[in-house]
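Observations on chain architecture
Each chain, letter by letter, is given below.
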Amino acid sequence: MSPWLVTMSAHKSVTHGTREGVADDYSTYDQSVEIVGCWHSWFSDIDEAAFDHFPTITINGRECTPDFLVSFAKGYCLIGELCRLSMNDDGLKDSVLQALGYADFASQTDVMMLVPHDYADQAERRMLDAGLLHADAEDEPLVVLSYVRVDADRVTRWVFKRPSPIRAFSFRDAFLGARSLHEKMTVTLEGLKVPPKFWRNMKIRYPFCNDAPPPLYTACVLWEKVFSAMLSDADYVNARVKRLPHIRLTVTPTSVREALREQLDIEVKVAWLRDALELLARARLAEQPKKSADDFVIKYGKITVPGSGHSETHELILDRLFGATSSGGNAVPQVEQDQLFPDPPALN
Amino acid sequence: MGLCEVRPDFHAVGPRNFGKAAVPMSQLFDMGKPPSFGEVLWRVAAKLTRAGILSLAERYSKDDGFFTLSVVPRYSATDPAQLFEDLGCLFLSVSTRVSAQQSGLTVLHLRDEDRQLSGYAALVPGRFDGVWLLVTDMKRSSPEYHHLIEPVLHLMSSRVPGAWLTTSALQDVLFELENRLSVTLTPGRVSSHNRERSSVEYMHQRRPLNEVFAELRSRELVLRSLEFTGVAKDGRRVLVAGIDKWMRLRYRGGSSLAFDQYLVSAVEVRLRRHVRALAVRRDEALSGNPIVFRFSRDVLTNRERNQELIDTLASQSHVSVCAFHVNPYLHVALVDHHDGSSMDLFADDPSMLAVIPGKRCSVAAVSRTFDRVYAHFASGSIADLEHVSMAGDDVGA
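Residues numbered from 1 in each chain as written. Chains lettered and ligands numbered in written order. Predicted model: local features only at pLDDT ≥ 70, side-chain atom pairs only at ≥ 80, totals over all residues.

The number of helices and strands found in chain A is ten helices and 14 strands. Here chain A holds 348 residues, and 45% of them are scored as buried. The long-range fraction of contacts in chain A, counting pairs at least 24 apart against all pairs at least 6 apart in sequence, stands at 64%. (Helix = DSSP H or I, 4+ residues; strand = E, 2+ residues; numbered from the N terminus. Buried ≥ 20, exposed ≤ 12 C-beta atoms within 10 Å, placed from the backbone. Contact = placed C-beta atoms within 7 Å.)

Along its sequence, chain A is organised into domain 1 (3–205) and domain 2 (215–332). With seven residues of domain 1 of chain A in contact, the opposing surface of domain 2 of chain A contributes six residues. (Domains from an automatic or database assignment.)

Let us now look at unusual backbone geometry. Residue and element names in this part refer to chain B. Residue proline 328 follows asparagine 327 across a cis peptide bond; omega there is 0 degrees. Inspection of the secondary structure puts proline 328 in the loop between strand E12 (319–325) and strand E13 (330–336). Its identity is not glycine, yet methionine 247 carries a phi of approximately 65 degrees, on the positive side. When you line up the elements, methionine 247 lands in the loop between strand E9 (237–244) and strand E10 (249–254).

Residue and element names in this part refer to chain B. Confidence along chain B averages 89 in pLDDT terms, with 88% of residues attaining 70 or more. Per-residue pLDDT stays below 50 along residues 1–26; that stretch engages in 42 contacts with residues further than four places along the chain or on separate chains. Below pLDDT 50 for its whole length, residues 386–397 participates in 24 contacts with residues either more than four positions away or in separate chains. For this predicted complex, the interface score ipTM comes out at 0.87, while the overall pTM is 0.88. (pLDDT = per-residue confidence, 0-100.)

Turning to the sheet that holds strand E11 (residues 291–295) of chain B, a few remarks are in order. Taken in spatial order, the six strands make up an open sheet running E12-E13-E14-E15-E11-E16 (chain B), and their pairing is antiparallel. Looking at the sheet topology across the chains shown, the edges are occupied by E12 and strand E16 (380–382) of chain B. Recorded for the sheet is a direction-independent mean angle of 20 degrees between the axes of neighbouring strands. Examined bridge by bridge, E12 of chain B and E13 of chain B share six bridges and lie antiparallel to one another. By the bridge assignment, cysteine 322 of chain B is partnered in E13 of chain B with alanine 333 of chain B. The strands touched by helix H5 (residues 196–205) of chain A within the sheet are strand E14 (341–349) and strand E15 (352–357) of chain B, with E14 of chain B carrying the most contacts at an inclination of about 165 degrees. Across the sheet, helix H10 (residues 303–314) of chain B lies against E12 and E13 of chain B, angled at about 155 degrees from E12 of chain B, the strand it touches most. (Pairing = 2+ DSSP bridges. Axes fitted to C-alpha atoms, helices over the stretch in contact; angles between N-to-C directions.)

Opposite the 45 residues of chain B that make contact, chain A presents 46 residues. Here the side of chain B that touches chain A gets seven residues from one element, more than from any other, and that element is E12 of chain B.

Another aspect to go through is the sheet that holds strand E11 (residues 286–287) of chain A. All names here are of chain A. One open sheet holds the three strands; their spatial order is E10-E12-E11, and the pairing between them is antiparallel. Strands with a single pairing partner mark the edges of an open sheet, and in this sheet they are strand E10 (247–251) and E11. Here two bridges tie E11 to strand E12 (residues 296–300), and the two strands are oriented antiparallel to one another. Bridge pairing links glutamate 287 to valine 297 in E12.

With that settled, the discussion passes to helix H6 (residues 167–181) of chain B. Residue and element names in this part refer to chain B. Given a rise of 1.5 Å per residue, 15 residues ought to cover 21 Å, and the 21 Å separating the end C-alpha atoms of H6 matches this to within 8%. For H6, the full list of buried residues reads Thr167, Ala169, Leu170, Gln171, Val173, Leu174, Leu177 and Leu181. Lining the buried residues of H6 we find strand E6 (183–194), helix H7 (209–218), strand E8 (221–232), E9 and helix H8 (256–278). Where H6 terminates, the next one or two residues include serine 182, which has phi positive at roughly 50 degrees. (Expected span 1.5 Å × (residues − 1).)

This part is about H7 of chain B. All names here are of chain B. Turning to H7, its buried residues number three or more, namely Val212, Phe213 and Leu216. When H7 is viewed along its axis, its buried side chains cluster within an angular range of 95 degrees and face the same direction. For H7, the exposed residues set more than 90 degrees away from the buried face come down to Glu211 and Ser218. Elements that come into contact with the buried residues of H7 comprise H6, E6, strand E7 (200–203) and E8. Positive backbone phi, approximately 50 degrees, marks glutamate 220, located one or two places after H7. (Arc of directions from axis to C-beta.)

Below is the structure:
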């Protein structure tokens, strides 16, 4: 495998095996969804641009999945990749080579490498020092941008900028006039500040980006937006009349993918869904009658963990995976899987 | 709308004897115990009209000091009687009769054999398309109402939603009623609650309406229900009635015409407005027209307040809430397990909460969510459709 095909994306799920690690992966992925949403929003206002939120492209015979791809009518392409660069030399080199490799996609392709603001400046300097980039080269397609969420103002914003003015060359998009990123990022250095109203709808429309989400994140999207729609009105009426503690819903990763497409109009990979269903099984919110088969029985309803100080779905799933600790830090005994509702919903 | 003159004590005809030769009253009823309002509705169902029901109620109120007619407004694109029957039949015995005099008017006879409960109600078309009124003489605190009406309305709610009123909207309704009837409304029992303590407070002391609302405002209380007597300048008692936050009305006596024309019509208008404001499709919401709850002041000002809002929503036993981001902006997803409605809630301004409904999302679920926010978190109101531009004007430095 050539070095640039090594996946080094920021939001690649790295389950650390601890509650904190899993929770961090969850919020890091959520940030990535927002960042890609910012760019999708920006380019959706540019008529000549077609934004691909889930690109799968073939480069030199290999399938690649960068974070986004923007194709322009004039043949110019922009590939975006979110990176949380490794600070060791090999890791840095791998990430840069991967990003540079994306430039082989088409003749006029630039690559936007999005690096956290904290070390974007340092990273770009190290790329120059290591000879991976050159300050004066006109034909290098890789442009490093820093990203940071600024929460100081009344309205929070995502801010994208060049980390330093060392390289005078950047995106080859002068044909976009006032909307040229070269102009905004490299000439005027003003960067792009994006308040939530521009990306919130994108985030809701596209709750995933192109990298494998952490299973907890997917499980939450399914619990909140997909499973509920796999049940009929009659199922809900029946559950209430019979005072069922939860509704049993039999699914497969494929049936969930269909329901997700129906509800959210997006296509996700079956493997992401299988990972999430397996996580729910580990949390005793689903059963897998035959371990080898794809059938899962979801015990769907409000998740409760007695003694937990939490009320949100992702925290409650974490409680069920790692054992609940109340806000006072006392361990709470593991909860049996059939106690999803604290009280059956009263009907009469 | 014609008025059907119904005289419970003289002209009521038993259901099985309808159209036959008149049967002596003594054989129909124990003369010492005249038929209940509900029984009369059932017997004369074929001749009933909305005006007829109200004039019958007025008559009963004169004879029975404890008589109450409850009017519960609901919104339904189609006649809800069939749905009521279908859902009610899952745990009750339901029989229906339809009026030949007024299209869409259905009288229901509801029985819970196990509990030995029985009662009558009518579903009556409202003044506007989609608005329906459930009217009954069952008292809302009675076991009959609790077992025969409430659970069915609850099961129906995803397709036949009701609505709720803010305290200031209730004030508008009542002040408007005072003006239009040229009466002074004297509040009787007033029930309210505090957002922090959730306790119900009653005000028994008789005071003018504006003083009651001033106190509710100053103590930041949410009005739950208010009973009142409307008295004309000459001291005549014009109307004795009640209204609650969920637009449910009580008629206790006085002019049923005034009750219908000035109070029932006021909630009919507001029910329609409420449903229209919340009936937003996901595509519309995502095109920049979310459903917006505007707080009276900046309340989502820090992490603690945002978390408090999440906890307020998540502590409901029928709701799962997942926080994707808490502060400084708020993004949560919510699913309502009553009917499987899902929605995203987003706040990037401390004074408003935007709801983007999922494809499966009922007006009732959005209404319940806002009701919860209003009653247990902070005051505000449902805003008119908000347009949030997606143009790139202020993207940039």
